[in-house]
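In case you want the letters, here they are:
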Amino acid sequence: MIILVVNAGSSSLKYQLIDMADESMLAKGNCDRIGIDGHISHKTSDGRGFEADMAFPTHTEAFMALVDALTKGDAKVIDSMDEISAVGHRIVQGADVFDKSVLVTDEVIDKIDELRELAPVHNHAHALALRACKSVIPDSVPQVVVFDTAFHQTMPPKAYMFGLPYEDYETLHVRKYGFHGTSHRFVSAALAEAMGRDIKDLKIVSCHLGNGSSITAVDGGKSVDTSMGFTPLDGVVMGTRTGSVDPSAVTFVADKHHFTPSEMSEYMNKKSGFLGVSGVGSDNRDVQEASLHGNERAKLVSDMLTYEIQKYIGSYAAAMNGLDAILFTGGIGENSWEVRESVCRNMDFFGIKIDEELNRTIRGKLTKLSTPESKVEVWIVPTNEELLIARDTLALISQ
Ligand code: AMP
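Residues numbered from 1 in each chain as written. Predicted model: local features only at pLDDT ≥ 70, side-chain atom pairs only at ≥ 80, totals over all residues. Heavy atoms only, no water.

Caption draft 1: Structural detail: the site of the ligand. Residues in contact with the ligand, as listed here, are Gly210, Asn211, Asp283, Asn284, Arg285, Gln288, Gly330, Gly331, Ile332, Asn335, Ser336 and Arg363. Protein burial of the ligand: of its 500 Å² of free accessible surface, 76% is covered by the chains. Contributing elements (two or more residues each) for the shell around the ligand: α10 (284-292) and α12 (330-335). Tallying contributions element by element places α12 first for the shell around the ligand, with 4 residues. Tallied by class, the residues present in the shell around the ligand amount to 1 nonpolar, 8 polar and 3 charged. (Near = heavy atom within 4 Å. Areas by Shrake-Rupley, 256 points an atom, 1.4 Å probe, with all protein chains shown as cover. Helix = DSSP H or I, 4+ residues; strand = E, 2+ residues; numbered from the N terminus. Nonpolar A, V, L, I, M, F, W, Y, C, P; charged D, E, K, R; others polar.)

Caption draft 2: Up close: the nonpolar core. Ranked by internal contacts, the top residues of the largest apolar core, which has 34 residues, are Ile215 and Ile309. For this core, the leading source of residues is helix α11 (residues 296-320), giving 9 residues. With near-sequence residues (within four places) excluded, isoleucine 215 lies in contact with His184, Val205, Ser206, Cys207, Leu209, Asp225, Thr226, Ser227, Val236, Ile309, Tyr312 and Tyr316. Core analysis: the second largest hydrophobic core is formed by 29 residues, Ile2, Ile34, Ala62 and Ala129 among them. (Core = buried A, V, L, I, M, F, W, Y, C linked by side-chain atoms within 4.5 Å. Buried < 20%, exposed > 50% of the residue type's maximum accessible area, 1.4 Å probe, protein only. Contact = heavy atoms within 4.5 Å.)

Caption draft 3: Fine view of the sheet that holds strand β14 (residues 377-380). Pairing is mixed across the open sheet formed by 6 strands, whose spatial order is β11-β10-β9-β12-β14-β13. Single-partner strands in this sheet number two, and they are β11 (222-226) and β13 (367-368). The pairing of strand β10 (residues 213-219) with β11 spans 4 bridges and is classified as antiparallel. Bridge pairing in β11 places valine 218 opposite serine 223. The strands touched by helix α6 (residues 181-195) within the sheet are β9 (203-209), β10, β12 (325-329) and β14, with β12 carrying the most contacts at an inclination of about 125 degrees. Where α11 meets the sheet, its contacts fall on β9, β10, β11 and β12, and the angle it forms with β10 comes to roughly 20 degrees. (Pairing = 2+ DSSP bridges. Axes fitted to C-alpha atoms, helices over the stretch in contact; angles between N-to-C directions.)

Caption draft 4: Representation of helix α3 (residues 123-136) in the model. Across its 14 residues, α3 extends 20 Å between first and last C-alpha, which sits within 8% of the 20 Å expected from 1.5 Å per residue. Tucked inside the fold, the buried residues of α3 contact β1 (2-8), α1 (59-71), β6 (84-91), α2 (106-114) and β8 (143-147). (Expected span 1.5 Å × (residues − 1).)

Caption draft 5: Summary view of the environment of lysine 368. For lysine 368, the position within the fold is in strand β13. Linking lysine 368 and leucine 292, residues 76 residues apart in sequence, is a C-alpha distance of 27 Å. Not counting the four nearest positions on each side in its chain, lysine 368 is found in contact with Leu358, Glu377, Val378 and Trp379.

Caption draft 6: Representation of the pairing of strand β3 (residues 24-32) within the structure. As defined by bridge partners, strand β2 (residues 13-19) adjoins β3 across 7 bridges and the pair is classed as antiparallel. Each residue of the ladder has a partner; that of leucine 17, found in β3, is alanine 27. As defined by bridge partners, β3 adjoins strand β4 (residues 39-44) across 6 bridges and the pair is classed as antiparallel. Each residue of the ladder has a partner; that of aspartate 32, found in β4, is histidine 39. Hairpin remark: β3 followed by β4, antiparallel, with 6 residues in the connecting loop; positive phi at arginine 33, about 60 degrees.

Caption draft 7: Quick look at the sheet that holds strand β5 (residues 49-53). Here 8 strands make up an open sheet; going across it, the order is β5-β4-β3-β2-β1-β6-β8-β7 and the pairing mixed. Two strands bound the open sheet, and with one partner strand each, they are β5 and β7 (102-103). Each of β1, β2, β3, β4, β5 and β6 is contacted by α1, which is oriented at about 35 degrees to β2, the strand it contacts most.

Caption draft 8: Quick peek at the packing of aromatic side chains. All told, the structure shown has 7 aromatic pairs when counted by the stated rule. Measuring from centroid to centroid gives 5.3 Å for phenylalanine 259 and tyrosine 267, while their planes differ by 55 degrees, and the two rings are tilted. On the accessibility criterion, phenylalanine 259 (26% relative accessible area) is partly exposed. Arranged with centres 5.5 Å apart and planes meeting at 85 degrees, the rings of phenylalanine 349 and phenylalanine 350 form a pair that is edge-to-face. For phenylalanine 350, a relative accessible area of 25% puts it in the partly exposed group. Aromatic rings pair up to connect Tyr160, Tyr166 and Tyr169 into one cluster. Looking at arginine 175, its charged tip hangs above the ring of tyrosine 160, at a distance of 3.6 Å from the centre. (Phe/Tyr/Trp six-rings, centres within 6.5 Å; stacked < 30°, edge-to-face > 60°. Lys NZ or Arg CZ within 6 Å of the ring centre and 35° of its normal.)

Printed below as a string of structure tokens:
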């Protein structure tokens, strides 16, 4: 059974074709610059591929190019779209409307579009892509939507409420939603399996650290708290995003710079974080490199990141009244031994001890880093959101 996984943004459409017989990736690619001009890059698992400029005025043309890339030419992997059993889509914001993955209907697409106010950059693009996909891919191929927020719908009200007047929660739906849920769900389940334990018996802090980062407390397989909030801006310092800031600092800066709300949002989402503090760039590798060469501000933002992660680990251990394991995932979590080492240092109070030699040599592989005497297990668990989307899609169409 073959499943197409789609991750649509406002100007891009990333895709993967997955063979569920062995959960292997057959091909992947990206249709980029939609609405601007258009570019496709396509690669197969056996090393074929191509890149081309083509016109993508809307997501529909991008879907047509994706279908052609999969079914025609030197880098095709199937003969026709009839070989695809279903399409699974990643959706950023499901709010409190969607607490699990669902089959796509016109009503579901309309609801995703209605939630656009809560995720202005993403949800409308998802709705456009879903409608475009329906116009290009035959009706006989079912579609499923998988939400980044759904895993966090198990948070209790005390974790997701803000101390704002209650009416604004009721009318404006202002609350913590949390993001990266697909990743946190995938890696926490993979960790339980690797530990040979039932996830129901485990208290895990899952650290998804990448361009965007979030930390989640997973108790008994359920998200009970998470660091991102109403939007993916909250939590730890990120590539270009602030992470948590005293809201009074936000109104103060907006006032001083005469920023409109959208200018302030741009400032906090695009010009802050690693980039804003270090002045070097948003990429962790560049920041680490500069820090090694004595750049004080680069070192400062690296220290801020690891300190904030340590504080989340401590507070989530308190929230769960225990801690069995910490996992690292995402581009930084899987690859940066420096960040993992700094986070796990000076955590003796929690009985955390990692094999530093091993940590320095391992990248991107499922690995237990903690020593046998460590009271808390520490792991690298590579994430695979596309695979989880494909698994959810398969489960829904098999019902
Ligand atoms: P992601 O958003 O999950 O793709 O992660 C992107 C982040 O991972 C960027 O900040 C990269 O600098 C970081 N990253 C990727 N590879 C490495 C590496 N080998 N060492 C340190 N950071 C890395």
